[in-house]
Amino acid sequence: MTDAIRIRHLAWRAGKEFAIRDLAMTVPAGAIYGFLGPNGSGKTTTIRLMLGMLPPQDGTIEVLGHSVPRFAHRALERIGYVPERLHLYQTLTVDESIRFHKAFHKDFDAAEAERLRARFGLREDQLVSRLSKGEAGKLMMLLALSQRAELLVLDEPTDGLDPVIRREVLGALVEYVDARKATVFISSHLVHEQERICDWVGVMDGGRLIAELPMQEFRSGIKRLRVAQAPAVRDAAPFALLSREPLSAQHEQWVVRGWQPEMREWFQRVGADVRDIQDLDLEESFVELLRGARTVTQETR
Amino acid sequence: MFGQILYTQVKWSRAAVAVLSAIAFVLPALLWRAVHQGWMREYSALEVMRGFAVLGPALGVVAFFVGFILVAQAWAADAATRHVYALSLPIPWARYVALRYGAGALLLLVPTIALWLGVMLILSLVTIPESLNAYPGTVTLRFLLAALFSYSVMFALQYLSGKRAAYILLTALVGVFAFSLVLGLAGYGEVVDAVTGALLRWPGPLAVFASDWMLVDV
């Protein structure tokens, strides 16, 4: 098996406004896949579909070789899941939550859970309802990591955590991945956090996956160009034009994806010239990618 | 797995179970006192039977609420988290629901045992008329069946409709009452009687509530 998650033609609709449309996604086994997108773009819905919590209206989902939602329970035996919001039973203590979780996971490592509990500074008798947001995040991560899961699905696991706790949580995650070579699917809108740990990235917007590529390509392939005598036609370009804006009568600013140095020649062939090439940081790339996708969507309406 | 489900259920429901069990325990004593207007008074067999025929259904009412309240307790924690935790556990959903049902159903035994103890205690303290007999086992079993029926119906409603279960039940009750009232006022009383009879008499679905709740009978 080479893909941990494989989704094709996935469709799901809630009401008139929001929908997941024709979603295709591939998460290679062993990858740390960053799932980026603004709030409300459909990341959490996609994750719930992926784990069998919502029934898809069309398309296929395979997770660790199991067809979901039909065999979601078999896939879930091998998945550690940390949802966006605390989902554990509020009236249980930390220790009771661990015991409850252990009862459902046959590979649960109680010794590892105890080690992580001590490391995260969680008291056994603390009630889940009394945990701070950071402590709740640590408890959910503890449970997911102690399962010895092959795939970790983390939905905004560090959202709202202070930098110290975020570092602790991410540190434990990185150690786990190093030791177990697990696949990680991590959803977030915190672009810089993803940049540090992910090797693949998928970008979601308006219920569609607008990009899926290796992080290296994402990081280096999006450029801002200053173009003189910019051509009107863009379809024949060897790169994806995400946006273009006039800077003066002679110059335009283009943001392109998939840029290679030899593509300068294309501009010369169409009578234009590239005057300046700037690297974008990941956050700028992310914003430009979204802007480009939204422009295309508006034009096609 | 079932042990953990039962443990959580006990933890969520223990206060309600304690209150319901206390009510079930003292109910036979309260009924006896209400039937006889006192503990030491002389009474006739007919008086006892009439009293239980009128007041005995209170046991059915309590059984209904035992089932109703334990269902609310069974799903409250999952409903609060929109079932996300339960759905993320590696177990088929139908099995999880069955485990929750089983754990809640098992808890019905606690108020039932409390009722039986209350009945046995009161029967050991009073003298019943010679021509009458006590039926502690029958009444206790009927209480358990009534509570189980109420629990099962509410569990199904809660499972199918979530928070709307209470509204559906209330609407159904108001609807039945209004329908019966209109038919009665329109001169179709026999239709109301027939429908009520079909529901309340064996093998009607509510027969267990409407049967004789005679702790003491001939």
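As shown above, the structure is provided for reference.
Source: prediction; values computed, not measured. (Residues numbered from 1 in each chain as written. Chains lettered and ligands numbered in written order. Predicted model: local features only at pLDDT ≥ 70, side-chain atom pairs only at ≥ 80, totals over all residues. Heavy atoms only, no water.)

**Q** Just to check I follow, could you spell out the overall build of chain A for this structure?
**A** What chain A contains, in helices and strands, is 10 helices and 14 strands. Reported as C-alpha extents along the three principal axes, the dimensions of chain A are approximately 70 × 40 × 35 Å. For chain A, buried positions account for 51% of its 301 residues. Once local pairs closer than 6 in sequence are excluded, the contacts in chain A between residues at least 24 apart make up 69%. Accessible surface, chain A: about 13800 Å² in total, of which carbon and sulfur atoms supply 47%. On chain A, the mean spot of the 41 positive side-chain charges and the mean spot of the 43 negative ones are 3 Å from each other. (Helix = DSSP H or I, 4+ residues; strand = E, 2+ residues; numbered from the N terminus. Buried < 20%, exposed > 50% of the residue type's maximum accessible area, 1.4 Å probe, protein only. Contact = heavy atoms within 4.5 Å. Areas by Shrake-Rupley, 256 points an atom, 1.4 Å probe, with all protein chains shown as cover. Lys, Arg positive; Asp, Glu negative; His and termini not counted. Charge placed at Lys NZ, Arg CZ, Asp CG, Glu CD.)

**Q** Sorry, what's going on with the pairing of strand β13 (residues 251–257) of chain A here?
**A** Residues in a regular strand point their side chains to alternate faces of the sheet. All names here are of chain A. Counting buried positions along β13 yields six of seven residues, so the element is predominantly enclosed. Taken together, the six bridges between strand β12 (residues 240–246) and β13 define a ladder with antiparallel strand orientation. The residue bridging R244 from the neighbouring strand is W254, located in β13. Hairpin geometry of β12 and β13 is characterised by an intervening segment of four residues between the two adjacent antiparallel strands. (Pairing = 2+ DSSP bridges.)

**Q** I would appreciate a short explanation of the packing of aromatic side chains in the present structure.
**A** What describes a pair of aromatic rings is the distance from one ring centre to the other and the angle between the planes of the rings. One pass over the full model with this rule turns up 23 aromatic pairs over all chains. When the ring of F239 of chain A is compared with that of W259 of chain A, the centres are 5.9 Å apart and the planes differ by 50°; the resulting orientation is tilted. Taken together, the positions of F239 of chain A in the loop between β11 (222–228) and β12 and W259 of chain A in the loop between β13 and α9 (264–269) put the pair 20 residues apart, joining distant regions of the chain. On the accessibility criterion, F239 of chain A (8% relative accessible area) is buried. Take W259 of chain A: its relative accessible area is 7%, and that puts it in the buried class. Both rings, one in F239 of chain A and one in W266 of chain A, keep their centres 5.5 Å apart while their planes meet at 85°; by these two values the pair is edge-to-face. Residue F239 of chain A is found in the loop between β11 and β12, and its partner W266 of chain A is found in helix α9; the two are separated by 27 residues along the sequence. Summarising the burial analysis for this pair, F239 of chain A and W266 of chain A share the class buried. Among the aromatic residues, ring-to-ring pairing joins W75, W93, Y96, Y101, Y151 and F155 of chain B into one connected group. When the ring centre of Y7 of chain B is taken as reference, the NZ or CZ atom of R99 of chain A above it lies at 5.8 Å. (Phe/Tyr/Trp six-rings, centres within 6.5 Å; stacked < 30°, edge-to-face > 60°. Lys NZ or Arg CZ within 6 Å of the ring centre and 35° of its normal.)

**Q** Looking at this model, I keep getting lost on the environment of A144 of chain A. Mind explaining?
**A** Residue and element names in this part refer to chain A. Secondary-structure assignment places A144 in helix α5 (residues 133–146). Along the backbone, A144 and A113 are 31 residues apart, and their C-alpha atoms lie at a distance of 9.5 Å. Excluding residues that lie within four positions of it along the chain, A144 makes contacts with G80, Y81, V82, A149 and L152.

**Q** It is not clear to me how the sheet that holds strand β3 (residues 32–36) of chain A should be interpreted in this structure. Could you clarify?
**A** Strand-to-strand pairing in sheets goes through backbone hydrogen bonds, with the strands running parallel or antiparallel. Residue and element names in this part refer to chain A. Taken in spatial order, the six strands of this open sheet run β6-β7-β8-β3-β9-β10, and their pairing is mixed. The open sheet is flanked by β6 (79–82) and β10 (208–214), the only strands paired with a single partner. On average, each strand axis in the sheet is tilted by 15° relative to the strand beside it, whichever way the strands run. Pairing of β6 with strand β7 (residues 151–155), which is carried by four bridges, proceeds in the parallel orientation. Residue V82 lies in a different strand from β7, and its bridge partner there is L154. Sheet strands touched by helix α1 (residues 43–50): β3, β6, β7, β8 (183–188) and β9 (200–205). Its angle to β8, the strand with the most contacts, is close to 150°. (Axes fitted to C-alpha atoms, helices over the stretch in contact; angles between N-to-C directions.)

**Q** Any chance you could explain the nonpolar core here in plain terms?
**A** As a rule of thumb, nonpolar side chains are buried together in soluble globular proteins. Formed by 110 residues in total, the largest nonpolar core has its most connected members in Y89, L139, L152, L173, V203 and F218 of chain A together with F52 of chain B. For this core, the element with the most residues is helix α1 (residues 2–36) of chain B, which contributes nine residues. The two domains that each donate at least three residues to this core are domain 1 (3–215) and domain 2 (221–300) of chain A. The residues contacting Y89 of chain A, other than those within four sequence positions of it, are F100 and V128 of chain A together with T8, W12, A77, D78, Y85, A86, Y96 and R100 of chain B. Grouped together as the second largest cluster of nonpolar side chains are 31 residues, I20, I47, M50 and M53 of chain A included. (Core = buried A, V, L, I, M, F, W, Y, C linked by side-chain atoms within 4.5 Å. Domains from an automatic or database assignment.)

**Q** It is not clear to me how a nonpolar patch on the surface should be interpreted in this structure. Could you clarify?
**A** All names here are of chain B. Taken together, the side chains of F2, F25, V26, L30, L106, L109, I113, W116, L117, M120, L121 and L125 present a nonpolar region at the surface, about 1000 Å² in accessible area. Listed by contribution, the elements that provide at least two residues to the nonpolar patch are α1 and α6 (109–125). At seven residues, α6 tops the list of elements feeding residues into the nonpolar patch. (Patch = residues over 30% accessible without salt bridge, like charges linked within 9 Å, V, L, I, M, F, W, Y side chains within 5 Å. Salt bridge = Lys/Arg side-chain N within 4 Å of Asp/Glu carboxyl O.)

**Q** Could you clarify how one ought to interpret helix α4 (residues 110–120) of chain A in this entry?
**A** Because each turn of an α-helix spans 3.6 residues, side chains separated by three or four positions end up pointing in the same direction. All names here are of chain A. Looking only at α4, the buried set comprises A113, L116, R117 and F120. Burial along α4 is one-sided: seen end-on, the buried residues are contained in an arc of 105°. Exposed positions of α4 whose direction lies more than 90 degrees from the buried face are A111 and A118. Where α4 is buried, its residues meet α3 (94–104), α5 and α6 (163–180). Capping the start of α4, D109 holds a side-chain oxygen 3.2 Å from the backbone nitrogen of A111, two or three residues further along. Count one or two residues on from α4 and you reach G121, which has phi positive near 70°. (Arc of directions from axis to C-beta. Polar contact = N/O pair within 3.5 Å; in protein donor to acceptor, adjacent residues only side chain to side chain.)

**Q** Just checking my understanding: could you explain the interface of chain A and chain B for this structure?
**A** Many descriptions give the size of an interface as the accessible area lost when the pieces come together. Every contact between the two is made by 22 residues of chain A and, on the other side, 21 residues of chain B. Roughly 2100 Å² of surface becomes buried between chain A and chain B when both sides are summed, with 69% attributable to carbon and sulfur atoms. Summed over the three residues of chain A that lose the most area to chain B, namely Y89, F100 and F104 of chain A, the buried surface amounts to 34% of that side. Taken together, the links from chain A to chain B amount to one salt bridge. Among the ionic pairs, E96 of chain A bridges to K11 of chain B, the shortest N-O distance being 2.7 Å. Linking chain A with chain B are seven residue pairs in polar contact (both at pLDDT 80 or more), by the criterion used here. (Buried area = accessible area lost by both parts, 1.4 Å probe.)

**Q** Honestly, the sheet that holds β13 of chain A in this entry has me stumped. Any pointers?
**A** All names here are of chain A. Strand order in the open sheet formed by four strands is β12-β13-β11-β14, and the pairing between neighbours is antiparallel. Edge positions in the open sheet fall to β12 and β14 (273–279), since each of these has one partner strand only. Ignoring strand direction, the axes of neighbouring strands in this sheet form an average angle of 25°.

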